[in-house]
Amino acid sequence: MAEMVPCAVKTGPSTTELREFKMPEIDDESAILKVEVAGICGSDVKNYKGSIDNVIMGHENVGRIYKAGKKWLDRKGFKEGDLVFLEHYLPCTRCEWCHKGEYRHCFFTDWHHNPGAIRYGYTTSDIAPHLWGGFAHYLYMPWNAVCHKVPDGVSAELAGIGTPMANGVQWTLFEAGIGYGSKVLIQGPGQQGLCQVVTAKQAGADLIIISGTSKDAKRLEVAKQLGADVIIDVDKTDVLEKVREVTSGKGVDVSIDCTAGAGQKAFFTGLRALKGKAGTLVVQGNESKTFPDFPMEELTLKYVTIKSARGHSYVACELAMQQLASHRFPIENALTHTFSLDQVDLAIRSVGGQGEKDCIHVNVKPWKEAAA
Ligand SMILES: [Zn+2]
Ligand SMILES: [Zn+2]
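Since the model is a prediction, treat every value here as computed from it, not as a measurement.

Conventions adopted
- Residues numbered from 1 in each chain as written.
- Chains lettered and ligands numbered in written order.
- Predicted model: local features only at pLDDT ≥ 70, side-chain atom pairs only at ≥ 80, totals over all residues.
- Heavy atoms only, no water.
- Pairing = 2+ DSSP bridges.
- Helix = DSSP H or I, 4+ residues; strand = E, 2+ residues; numbered from the N terminus.
- Right-handed = clockwise from strand over helix to strand, strands pointing away.
- Donors = N, O, S within 2.8 Å, 3.2 Å for Na, K, Ca; no water.
- Buried < 20%, exposed > 50% of the residue type's maximum accessible area, 1.4 Å probe, protein only.
- Domains from an automatic or database assignment.
- Contact = heavy atoms within 4.5 Å.
- Buried area = accessible area lost by both parts, 1.4 Å probe.
- Tetrahedral: all angles 85-135°; square planar, octahedral: opposite > 155°, others 65-115°.
- Salt bridge = Lys/Arg side-chain N within 4 Å of Asp/Glu carboxyl O.
- Patch = residues over 30% accessible without salt bridge, like charges linked within 9 Å, V, L, I, M, F, W, Y side chains within 5 Å.
- Areas by Shrake-Rupley, 256 points an atom, 1.4 Å probe, with all protein chains shown as cover.

1. Observations concerning the pairing of strand β14 (residues 335-339)
Thought 1: By the bridge criterion, 4 bridges tie β14 to strand β15 (residues 361-364) in an arrangement that is parallel. Bridging from a neighbouring strand, H337 pairs with V362 of β15.
Thought 2: In terms of handedness, the path from β14 via helix α12 (residues 344-351) over to β15 forms a crossover that is right-handed.

Written out as structure tokens, the structure is:
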């Protein structure tokens, strides 16, 4: 009898069913990952409600190489049994972006513009060999899968926060240029905001301010443990007033939007928290696609640089793994909830604020015993 692989499949908007697929055959140039941890982020909450069906979600994956073709192993420099952090991009490896390790920009991976793009956690399982997501016992890795070795001393659970940490490295260091002496405002203390605190602190930032709502009390507490200097509850304190107070009226060098949804409001708060000239605004366009009264003149007069927060490069992933391996900051305090495969629906709803309380980093462990 063929070996069957249990999976949680999104069969419709906000609907998950447990299903099984046949374990794929591998050839010399492919491999199978035994999934240990699949992290969940805000984009899953949005995509779960979306219209693409028959998706095995789970794009932040860590696992062990279960079996692999010889060529696959030779090409990647791994051996069976290695614990790896898997990027969710499956790139062409030939274009100029791929040569730079910027797989996020490769047309092959761009599911917004290329209907044939395959990304872990986003692609329908109608496409053979079906196992394109982390909410499953196993996942299929073709020749162009991008893996990073999880350093010794880093558990699969900790490596599970590798994706937001890689985004932290990318946005804080590479996009915003935060370094020694920088002052930064991070709006939103979810796992993404907290990882920005870690990378900003590691980079030498002088003043790290992070804001959230009263509901975020626990997250703000963890922000403090990770090295944030000033925490702001926006339900009690005016962010801009507080920023002025702690910067002697000068403002910050960099504002990063990690609110995942505050859109226009976060944009204006971020902009107005910036220093008089030449600040940098890191933005995300997920929720507010456009908005009226775009402050073109204000941006120009303040000589503001706008950078887009969009995923991470290969090197950002490597540095994220090193950051976790250093154990310099207690990032494990952000790992709050683990769910089993039969709880995927609850897990995603919890990240969206409608299930378990006080979630920060939430993951699914497909091999965890079923809850029911
Ligand atoms: Zn994500
Ligand atoms: Zn490419």
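2. Details of the coordination of the zinc ion (ligand 1)
Thought 1: Protein-derived coordination of the zinc ion (ligand 1) comes from C41 (SG), H59 (NE2) and E60 (OE), at a distance range of 2.0 to 2.2 Å.
Thought 2: Counting the intervening residues between successive donors of the zinc ion (ligand 1) yields the motif C-x17-H-E. We note that H59, like E60, is buried.

3. Regarding the domain arrangement of the protein
As a measure of interface size, the accessible area lost when the parts come together is often cited.
Thought 1: Annotation of the protein at the domain level lists domain 1 (4-160 + 329-364) and domain 2 (163-308).
Thought 2: Between domain 1 and domain 2, the contact holds 16 residues from the first and 20 residues from the second.
Thought 3: Carbon and sulfur atoms make up 58% of the surface buried where domain 1 meets domain 2, a total of about 1,600 Å² over both sides.
Thought 4: Counting the surface domain 1 buries against domain 2, the share from its top three residues, F329, I331 and I360, is 37%.

4. Observations concerning the coordination of the zinc ion (ligand 2)
Thought 1: Around the zinc ion (ligand 2), the protein contributes the donor atoms C92 (SG), C95 (SG), C98 (SG) and C106 (SG), at 2.3 to 2.4 Å from the metal centre.
Thought 2: What the 4 donor atoms of the zinc ion (ligand 2) show is an angle range of 104 to 115 degrees at the metal, which sorts the shape as tetrahedral.
Thought 3: Counting the intervening residues between successive donors of the zinc ion (ligand 2) yields the motif C-x2-C-x2-C-x7-C.
Thought 4: C92 gets classed as buried once you look at its relative accessible area, which sits at 8%.

5. Remarks on the pattern of salt bridges
Thought 1: For the structure shown, the criterion picks out 19 salt bridges.
Thought 2: With its nearest N and O atoms 3.9 Å apart, the salt bridge here joins R310 to D110. Of this pair, R310 sits in the loop between β13 (305-308) and α11 (314-326) while D110 sits in the loop between α3 (96-99) and β6 (138-141), and the two are 200 residues apart along the sequence.
Thought 3: The exposure class of R310 is partly exposed, given its relative accessible area of 37%.
Thought 4: Notably, a salt bridge pairs D233 with K236, separated by 3.6 Å at the nearest N-O pair.

6. Describing a nonpolar patch on the surface
Thought 1: A contiguous nonpolar surface patch, about 290 Å² in accessible area, is contributed by F294, M296 and I306.
Thought 2: Mapped onto the secondary structure, F294 falls in the loop between β12 (280-283) and α10 (296-301).
Thought 3: For F294, a relative accessible area of 41% gives the class partly exposed.

7. Concerning the pairing of strand β5 (residues 83-86)
Thought 1: Taking every second residue as pointing to the same face, both faces of β5 are buried, with L83 and F85 on one and V84 and L86 on the other.
Thought 2: Pairing of strand β4 (residues 60-68) with β5, which is carried by 4 bridges, proceeds in the antiparallel orientation. Looking at β5, one finds that G63 is bridged to V84.
Thought 3: The sheet contact formed by β5 and strand β7 (residues 147-149) spans 3 bridges and is antiparallel. Among the inter-strand pairings, F85 is bridged to a residue of β7, identified as H148.

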